[in-house]
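Observations on the three-dimensional arrangement
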Amino acid sequence: MVDKEHIQLAHGGGGELTAELIEGVILPALGGPQRPGRLTDAAIVPAGGVKFAFTTDSYVVRPLEFPGGDIGKLAVAGTVNDLSVMGAKPLAMSLALVIREGFEIALLGRLLESAGRTAREAGVSIVTGDTKVVEYGACDGLVINTSSIGLMHEKAALGFERVQTGDAILLSGPLGEHAMAVMSKRRGLSFTSELASDCASIAALSRSLLDRFGRDVHFMRDPTRGGLAAVLADLAEATGRGIEIREAAIPVNRAARAAAEMLGLDLLSAANEGKLVAVVAAEVAEQAVEVLARHDIAAHAAFVGVVGEPGDHPLVEMVTSIGGRRVVQRPYGEDLPRIC
Amino acid sequence: MEVCGTHTMAIARSGLKGLLPSWLELISGPGCPVCVTDASYLDQAMHLAGRVEAPVIATYGDMVRVPGRNGSLAEARARGASVEVVYSASKAVELAANHPDRQVVFLAVGFETTAPGTAMALARARRERLANFSVLVAHKLILPAMRALLAAGDVRIDGFLCPGHVSVIIGYGAYADLARDFHRPCVVAGFDPPQILAGVSAILDQLAAGEATAGSVYPSASAEGNPTAMKLLDEVFVPADATWRGIGVIPASGLVLREAWREFDAETRFDLPKIESHDPVGCRCGEVIRGLCRPWDCGLFGRRCTPRDAVGPCMVSSEGACSAAYKYDPARRFSRQ
């Protein structure tokens with residue numbers, strides 16, 4: 001029997017337990033006007049005829065520096081990405097630090113330089129922040145929170161309600177690179193081929209799609225904690241429609257796959273920090289893949305699945321590489337603690 | 001029957017069963033190390049974790065969520081116990097080497113694949129005179145279990161798909177006696193779908209020809225196995241009677257530390273009590289691992305027992321038959337709604 005009185009590590013995994021904590025404890029406790037149980041990456045806040053998007057995220061990744069990135073880069077890119085998949089262009093960002101006493105200042109400098117660089121590259125200004133120091137033992141090194149406000153793209157019409165049977169599901173690149181790079185570093189595994197996090201801003205990807213296809217882009221998400229599996233599980237549940245993806249269509253990073261096999265992890269539920277999942281109208285699917293593939297970070301973009309019919313128990317199913325079928329289930333949530 | 005948790009998972013993840021003809025059934029046997037470990041072992045580990053001045057419990061990730069009488073190691077960790085997930089025994093002994101001020105107990109479970117790793121970790125502990133490392137041993141040997149299943153005769157098994165990694169160690173020749181004595185083909189296969197199908201196909205060929213020998217389609221497994229690993233096992237461990245969950249005691253089916261290595265035995269070092277454990281009411285894990293009960297025939301499957309709120313190890317373990325059926329098989333998902 002699961003201990004229901006105390007927070008478990010799995011509550012932070014972005015899977016089932018996280019969803020339950022939010023829906024069952026956090027939202028009811030906060031009270032006030034409730035959004036209908038659909039959790040999105042950013043909130044849309046209308047103000048005087050203009051629509052802003054607003055989001056916040058805290059970063060607890062361990063180790064602080066990993067191949068392909070660090071907590072500074074992640075803290076900026078991750079929040080930029082949350083706004084981007086909502087169809088917003090980031091305008092301004094806050095950055096708050098909780099630092100453990102004894103933390104090396106040179107390291108702090110390095111991490112913040114990385115954050116600053118990432119912000120400049122993404123075209124967002126870090127305009128305000130906060131710094132707290134806690135005593136040794138009270139937190140593990142460094143926690144960064146970034147919040148950001150952005151302006152909605154004029155053509156953006158995104159949401160679960162826009163997803164239709166027959167829509168195409170697109171993925172901008174191979175799965176699990178971030179999770180595997182972090183886990184490998186954490187577990188002291190090394191590979192002869194480069195295994196680096198895909199940590200990057202995907203703002204240009206979402207903007208390209210919206211610029212070119214506007215309302216034909218129905219839904220976007222960045223598959224962070226919980227990976228593609230979590231995004232698809234949300235989609236199936238929120239739209240009431242089954243989803244089918246094809247294993248053979250999913251782009252693969254061989255080093256990430258090898259790491260996953262060694263660590264006993266499933267790439268479908270592994271975190272990504274520089275990937276886009278887009279659900280678009282069937283007729284624009286192929287061109288949308290081409291548009292994505294023009295960007296370096298989406299060179300292997302692919303059409304990986306379709307949205308099916310509505311049903312009582314919508315499942316996410318995968319046609320495997322040998323032609324079998326299996327369910328893709330919502331990850332439980334504790335496979336990979338402290339991944340982002 | 002396949003007797004390897006990795007096979008169970010590979011078959012489920014590839015959706016292979018749905019592609020097989022109706023006259024061929026692949027059943028799961030006692031191949032998941034966590035699933036076959038007696039409940040009392042986990043309760044002993046929990047007892048250790050809960051002590052004042054508790055040692056660090058170093059364990060494979062799979063053990064962490066198995067529910068014991070007083071919850072799981074993960075829950076103990078959430079309440080402050082020192083539980084470290086390690087991917088290998090060498091990481092566990094490294095933990096001990098890096099933290100001389102803490103006792104580290106490694107939960108040594110698994111078949112012949114992981115036992116050599118435990119032996120090597122102990123060799124390092126001896127070499128470096130690490131007084132703070134010990135192991136709680138529950139290693140098992142697969143062949144005695146296969147024999148016990150056939151001898152019990154209550155499950156129809158026409159052939160065995162044999163575990164790839166275990167066979168790299170013990171060699172596929174190890175199955176020759178069983179194949180001959182019980183007239184069942186035994187074929188070692190690797191873990192991707194084409195390998196599994198090749199193994200099944202080889203078994204069918206033997207059945208069609210009325211033959212029953214031990215063979216392999218897995219290039220990494222030779223007939224004699226890995227003599228260095230086997231020698232190391234023999235230096236450190238000796239076979240002993242062991243309790244398999246749901247099956248009971250199988251003679252000479254487990255490994256215990258030899259007298260010369262007994263100083264590293266956690267049970268002795270920490271004076272651990274023998275704990276009587278019972279399977280939870282309604283849990284049919286024991287029958288599932290013998291192939292007597294299909295996961296979806298258990299009354300708890302999908303209702304009271306799901307991967308996120310599991311009653312028994314077959315559902316909790318990432319290599320358990322129930323977990324595989326629930327997570328990956330679309331036909332079974334709603335058989336219990």
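Residues numbered from 1 in each chain as written. Chains lettered and ligands numbered in written order. Predicted model: local features only at pLDDT ≥ 70, side-chain atom pairs only at ≥ 80, totals over all residues.

Quick look at the overall build of chain A now. The secondary structure content of chain A amounts to eight helices and 14 strands. Here the C-alpha radius of gyration of chain A, 19 Å, is about what a compact globule of 340 residues would show, namely 20 Å. Principal-axis analysis of the C-alpha atoms gives chain A an extent of 55 × 55 × 45 Å. Burial status across chain A gives 49% buried among its 340 residues. The contacts in chain A between residues at least 6 apart in sequence include a share of 84% that link residues at least 24 apart. (Helix = DSSP H or I, 4+ residues; strand = E, 2+ residues; numbered from the N terminus. Rg over C-alpha atoms; globule rule 2.2 N^0.38 Å. Buried ≥ 20, exposed ≤ 12 C-beta atoms within 10 Å, placed from the backbone. Contact = placed C-beta atoms within 7 Å.)

Tracing the sequence through the fold places A:V124 in the loop between α3 (105-122) and β6 (125-134). Residue contacts for A:V124: discarding those within four places in its chain leaves A:V80, A:P90, A:L91, A:A92, A:M93, A:A119 and A:S148.

Moving on to the domain arrangement of chain A. All names here are of chain A. Domains assigned within chain A are domain 1 (37-152) and domain 2 (160-327). Here the C-alpha centre of domain 2 lies 23 Å away from the C-alpha centre of domain 1. The interface is formed by 23 residues belonging to domain 1 together with 23 residues belonging to domain 2. Where the side of domain 1 that touches domain 2 is concerned, the elements lending two or more residues are α2 (71-85) and α3. Here the side of domain 1 that touches domain 2 gets nine residues from one element, more than from any other, and that element is α2. (Domains from an automatic or database assignment.)

So, about the packing of helix α6 (residues 115-127) of chain B against helix α11 (residues 227-236) of chain B. Residue and element names in this part refer to chain B. The contact between α6 and α11 brings their axes to 9 Å, and the two run at 60°. When the axis of α6 is compared with that of α11, the two are oblique. Relative to α11, the crossing made by α6 is left-handed. Counted together, A115, P116, A119, M120 and L122 of α6 and A229, L232, L233 and V236 of α11 form the full contact between these two elements. Counted by class, the contact of α6 with α11 contains nine nonpolar, no polar and no charged residues. (Axes fitted to C-alpha atoms, helices over the stretch in contact; angles between N-to-C directions. Parallel < 35°, antiparallel > 145°, perpendicular 65-115°, else oblique. Left-handed = near helix turned anticlockwise from the far one by under 90°. Nonpolar A, V, L, I, M, F, W, Y, C, P; charged D, E, K, R; others polar.)

With that out of the way, let us pick up the sheet that holds strand β1 (residues 43-47) of chain A. Residue and element names in this part refer to chain A. As summarised here, the arrangement of the five strands in space is β1-β2-β7-β5-β6, forming an open sheet in which the pairing is mixed. Looking along the sheet, the strands with just one partner apiece sit at the ends: β1 and β6. Recorded for the sheet is a direction-independent mean angle of 20° between the axes of neighbouring strands. Those strands touched by α2 are β2 (50-59), β5 (88-100) and β7 (142-152), and its axis lies near 150° from that of β2. (Pairing = 2+ DSSP bridges.)

Glancing now at the interface of chain B and chain A. How big an interface is tends to be expressed through the accessible area that disappears when the partners come together. Facing the 25 residues of chain B at the interface are 23 residues of chain A. Among the secondary structure elements, those contributing two or more residues to the side of chain B that touches chain A are α1 (5-14), α4 (73-78), α15 (321-328) and α16 (330-333) of chain B. A class-by-class count of the residues in the side of chain B that touches chain A yields twelve nonpolar, five polar and eight charged.

To continue, consider the pairing of β5(A). All names here are of chain A. When β5 meets β7, the two strands line up antiparallel, connected through eleven bridges. Among the inter-strand pairings, L95 is bridged to a residue of β7, identified as T146. With nine bridges joining them, β5 and β6 adopt parallel strand pairing. Its bridge partner being in β6, I99 is matched across the sheet by V133.

Residues and elements named next belong to chain B. Read across the open sheet, the three strands follow the order β5-β6-β7; overall the sheet is parallel. Each having just a single partner strand, β5 (160-162) and β7 (214-216) make up the two edges of the open sheet. The sheet shows a mean angle of 25° between the axes of neighbouring strands, taken without regard to direction. Examined bridge by bridge, strand β6 (residues 186-188) and β7 share three bridges and lie parallel to one another. Bridge assignment links V188 to a residue of β7, and that residue is S216.

Residues and elements named next belong to chain B. A45, I57, L73 and F106 are the most contacted members of the largest nonpolar core, which has 115 residues in total. No other element matches the seven residues that helix α3 (residues 39-49) contributes to this core. The residues touching L73, leaving out its near neighbours within four places in the chain, are A45, M46, A49, I57, T59, M63, V64 and V83. (Core = buried A, V, L, I, M, F, W, Y, C linked by C-beta atoms within 7 Å.)

Let us now look at helix α1 (residues 16-30) of chain A. All names here are of chain A. Taking 1.5 Å per residue as the helical rise, α1 with its 15 residues ought to reach 21 Å, and the 20 Å between its terminal C-alpha atoms agrees with that figure. Along α1, the largest kink reaches about 35° and is centred on I22. G31, located one to two residues past α1, shows a positive phi value of around 65°. (Expected span 1.5 Å × (residues − 1). Bend = angle between axes of the 7 residues up to and from the residue.)

Residue and element names in this part refer to chain B. Closest axis-to-axis distance for the helix α5 (residues 89-98)/α6 pair is 8 Å, and the angle between their directions is 25°. The angle between α5 and α6 falls in the class roughly parallel. Considering how the two elements wind past one another, α5 and α6 form a crossing that is right-handed. Taken together, the residues of α6 that come into contact with α5 (itself represented by A89, S90, A92, V93 and A96) are G117, T118, M120, A121, R124 and A125. Here the residues of the contact of α5 with α6 are counted per class, giving seven nonpolar, three polar and one charged.

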